[in-house]
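Residue strings, one per chain:
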Number of protein chains: 2
Amino acid sequence: MTDFTGRILPLLWRRSIPAPDRKTGRPARLTIDDVVATGIRVADREGLDAASMARVATELAVGTMTLYGYVPSRPELIDLMVDEVLGSRDLLPPAPGDWRSRILRYAESTFTIYREHPWLARTSQQRPPIGPGMLADREYVLAAISSLGLPTSMVNTAALTIAAWIAGAARNEAEGILLRRATGETNDDWWSQRGELWEKWFDVESHPAMTALWNAGGFTRGADEQARDAYELGLKLLLDGIEAASPAQQTSGTDPRR
Amino acid sequence: MTDFTGRILPLLWRRSIPAPDRKTGRPARLTIDDVVATGIRVADREGLDAASMARVATELAVGTMTLYGYVPSRPELIDLMVDEVLGSRDLLPPAPGDWRSRILRYAESTFTIYREHPWLARTSQQRPPIGPGMLADREYVLAAISSLGLPTSMVNTAALTIAAWIAGAARNEAEGILLRRATGETNDDWWSQRGELWEKWFDVESHPAMTALWNAGGFTRGADEQARDAYELGLKLLLDGIEAASPAQQTSGTDPRR
DNA sequence: CTTCATTACCGTACCCCCTACGGAAAGTGT
DNA sequence: ACACTTTCCGTAGGGGGTACGGTAATGAAG
């Protein structure tokens, strides 16, 4: 079978390479894409942990060890799943309009994939799989930022800032979805259940700011709404600040949304 | 032994409650604090996965199942570890100075605990353990924001925004530490290893913005430096934006740092 | 001092996971 | 029919979490 010597890149970029087209030997029953797609399907429905080697193999009606002929090990399978999902976004061709609406489209798309594949929230951001999907993602953000005319040294910084904010919010939402599935209660259910016990242990004396804000009605919105508010505030501040740092503002006036 | 009926709050708040002081029966060899402290110690040194029930028990020279007399199950142990660590910060009494320096102190402190306990990056942000440590954390941020005089409806939103940005950056850094430990290579090592293969698979045509930025020297800084730059840019923009939204600016002029 | 009630300790067993190894199986070409 | 190549996968070994039920250690009562 294929010899993976610690390298996952040929697998990530397998579609850029002509298939080896073997003539001899026992024909394979599956393709890598079958394995990756099944992993994604199981993870979508039952979470990342459920997408075990044994489970994916069973789903494909194949022995567990057969998968190791397609993929070096489970971590690599997960990398392939991540890149596959990132590559499934319809970001290209670049959205028309100014940079802001392009970023907003990116944000929408990011939230969408995290909602469809909430297990993404449990994969590492550092050292992502360097495959076509992930690069297309970066390219889109960089293209949007580049149109601003920022100094070169700031372009990637600004892109990382915006992407990190959006991904963080999407991950938080996805984490909430996972927890709702796992526990059967929503975030708001959960917080209000604890609310009952606040009376019992919460020490008013040592939490004056929190108490004051509570009494002033500063906690009336639900947890999910608060998270949304924070996301939108942060995004607005970051976009405004970056736009203000650019020499030539193409859009004048304040942003019409909100 | 103690009967946990699905409730972890009494464990989190155990220090606010007088010990039951049993007179009869076999005396316990351990305390919950022993178990939690050992869990933290193991996780600090070898990662969250290493802090298994079996391992923590061995460390305490006790049978695995003995731990279940102190803690309902492993997830609860981890919650207790998280709250313990959050509570170990020296945030109180509130730092002197304006709100900005208070937030910067919070940020420093957050980075410190994530560096000392990088496994925190692998614990959920949504639905954190509602214990004394986590509440003290929130209280500090709310107190700092409150001094700004923002409209009530915006206080918690601003606090969440800032806390989320800081925690996200601290988590990213911590994730890097975990990966360095696990793989033995730094982030920059890792990226430069991949760099060799860019020539092989990267398609210049479909990544014009990235290619242009590369040629302009926009990727000369290392991955960790880029992440730091992005963190600092984001923090500055968020703080500036929030300050600008407050009616009474106590500090006038631009911020002296940078 | 014995016995009992109470509490804590923990060995065993079951189920699930990942994966190294090596032999069996299923094709092609001769 | 045979060799050759490639794929399939059973077995086994090392982890992990935790339910169950028996055993050990104490204070109190007799």
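In this text the structure is predicted, and so the values were computed from the model without any measurement. (Residues numbered from 1 in each chain as written. Chains lettered and ligands numbered in written order. Predicted model: local features only at pLDDT ≥ 70, side-chain atom pairs only at ≥ 80, totals over all residues.)

Caption draft 1: Representation of the overall build of chain A in the model. Scanning chain A from N- to C-terminus turns up 10 helices and 0 strands. Its helices and strands taken in sequence order, chain A reads α-α-α-α-α-α-α-α-α-α from the N to the C terminus. The C-alpha atoms of chain A give a radius of gyration of 23 Å, which is well past the 18 Å a tight globule of 258 residues would have. Based on the C-alpha atoms only, the size of chain A along its principal axes is roughly 75 × 55 × 25 Å. Counting all 258 residues of chain A, 36% fall into the buried class. Taking contacts inside chain A between residues at least 6 apart in sequence as the whole, the part at least 24 apart equals 71%. (Helix = DSSP H or I, 4+ residues; strand = E, 2+ residues; numbered from the N terminus. Rg over C-alpha atoms; globule rule 2.2 N^0.38 Å. Buried ≥ 20, exposed ≤ 12 C-beta atoms within 10 Å, placed from the backbone. Contact = placed C-beta atoms within 7 Å.)

Caption draft 2: Quick peek at the domain arrangement of chain A. Residues and elements named next belong to chain A. Taken domain by domain, chain A consists of domain 1 (9–85) and domain 2 (90–190 + 204–244). On a C-alpha basis, the centroid separation for the pair domain 1 and domain 2 is 30 Å. A total of 6 residues in the side of domain 1 that touches domain 2 trace back to one element, the largest contributor, which is helix α4 (residues 74–87). Its residues assigned to classes, the side of domain 1 that touches domain 2 comprises 9 nonpolar, 1 polar and 4 charged. (Domains from an automatic or database assignment. Nonpolar A, V, L, I, M, F, W, Y, C, P; charged D, E, K, R; others polar.)

Caption draft 3: View of unusual backbone geometry. Despite not being glycine, A:A61 has its phi angle at roughly 55°, a positive value. Checked against the element boundaries, A:A61 lands in the loop between α3 (53–59) and α4. Judged by the 9 C-beta atoms lying within 10 Å of it, A:A61 falls in the exposed class. The backbone of B:R127 shows a phi angle near 45°, a positive value even though the residue is not glycine. The topology assignment puts B:R127 in the loop between α5 (99–116) and α6 (132–146).

Caption draft 4: Broad picture of the relation of the copies chain A and chain B. Mapping chain A onto chain B calls for a screw motion: a turn of 180° about the axis and a shift of 0.0 Å along it, with 0.1 Å RMSD after fitting. Taken together, the rotation angle and the small translation identify this as a two-fold axis. With an isologous cut-off of 70% or more, the 100% of interface residues of chain A that recur at the interface of chain B puts this contact in the isologous class. (Least-squares fit on C-alpha atoms with pLDDT ≥ 70 in both.)

Caption draft 5: A look at the interface of chain A and chain B. Each partner contributes to the interface: chain A provides 51 residues, whereas chain B provides 51 residues. Of all the elements in the fold, those that place two or more residues in the side of chain A that touches chain B are α6 (132–146), α7 (152–183), α8 (187–201), α9 (208–215) and α10 (223–244) of chain A. With 14 residues, α7(A) is the largest single contributor of residues to the side of chain A that touches chain B. By residue class, the composition of the side of chain A that touches chain B is 25 nonpolar, 19 polar and 7 charged.

Caption draft 6: Local environment of the nonpolar core. Counting residues in hydrophobic clusters, the biggest one holds 124 residues, and the most contacted among them are A:I145 and B:I145. Apart from residues lying up to four places away in sequence, B:I145 is in contact with B:W99, B:L150, B:V155, B:A158 and B:A159. (Core = buried A, V, L, I, M, F, W, Y, C linked by C-beta atoms within 7 Å.)

Caption draft 7: A look at the confidence of the model for chain A. Averaged over every residue, the pLDDT of chain A is 90; the share at 70 or more is 92%. Here residues 250–258 of chain A is a poorly scored stretch, pLDDT under 50, and it has 4 contacts once near neighbours within four places are set aside; other chains count. (pLDDT = per-residue confidence, 0-100.)

Caption draft 8: Quick peek at the packing of α4(A) against α6(A). Residues and elements named next belong to chain A. At a minimum axis distance of 6 Å, the contact between α4 and α6 shows a crossing angle of 45°. The orientation of α4 with respect to α6, classified from their angle, is oblique. Regarding α4 and α6, the two cross each other, and that crossing is left-handed. Touching D83, E84, V85, L86 and G87 of α4 are P132, G133, M134, A136 and D137, all from α6. A class-by-class count of the residues in the contact of α4 with α6 yields 5 nonpolar, 2 polar and 3 charged. (Axes fitted to C-alpha atoms, helices over the stretch in contact; angles between N-to-C directions. Parallel < 35°, antiparallel > 145°, perpendicular 65-115°, else oblique. Left-handed = near helix turned anticlockwise from the far one by under 90°.)

Caption draft 9: Local environment of helix α10 (residues 223–244) of chain B. With 22 residues, α10(B) extends 31 Å between its outermost C-alpha atoms, agreeing within 8% with the 32 Å of an ideal straight helix rising 1.5 Å per residue. Of the positions making up α10(B), those classed as buried are B:A227, B:A230, B:Y231, B:L233, B:G234, B:L237, B:L238, B:L239 and B:I242. Close packing links the buried residues of α10(B) with α7 and α10 of chain A together with α5 and α7 (152–183) of chain B. (Expected span 1.5 Å × (residues − 1).)

Caption draft 10: Helix α5 (residues 99–116) of chain A, seen in detail. All names here are of chain A. With 18 residues, α5 extends 26 Å from end C-alpha to end C-alpha; this agrees with the ideal 26 Å at 1.5 Å per step. Here α5 has its buried residues at W99, R102, I103, Y106, A107, T110 and Y114. Along the axis of α5, the buried residues cluster in a sector spanning 145°; they form a single face. The secondary structure elements touched by the buried residues of α5 are α6, α7 and α10. (Arc of directions from axis to C-beta.)

Caption draft 11: Region of the structure containing the environment of B:G168. Structurally, B:G168 can be placed in helix α7. Exposure remark for B:G168: the 22 C-beta atoms within 10 Å place this residue in the buried category. Put simply, B:G168 and B:R74 are 94 residues apart on the chain and 25 Å apart in space, counted from C-alpha to C-alpha. Those residues in contact with B:G168 that sit more than four places away from it in its chain are A:A164 and A:G168.

Caption draft 12: Representation of the environment of A:Q125 in the model. Structurally, A:Q125 is set in the loop between α5 and α6. As a C-alpha pair, A:Q125 and A:G168 span 43 residues in sequence and 9.8 Å in three-dimensional space. Excluding residues within four positions of it along the chain, A:Q125 makes contact with A:A167, B:N172 and B:E175.

Caption draft 13: Just the environment of B:S146, in detail. Within the fold, B:S146 resides in helix α6. For B:S146, a count of 21 C-beta atoms within 10 Å translates into the label buried. Dropping the residues within four chain positions of it, B:S146 is found in contact with A:A209, A:L213 and B:V155.

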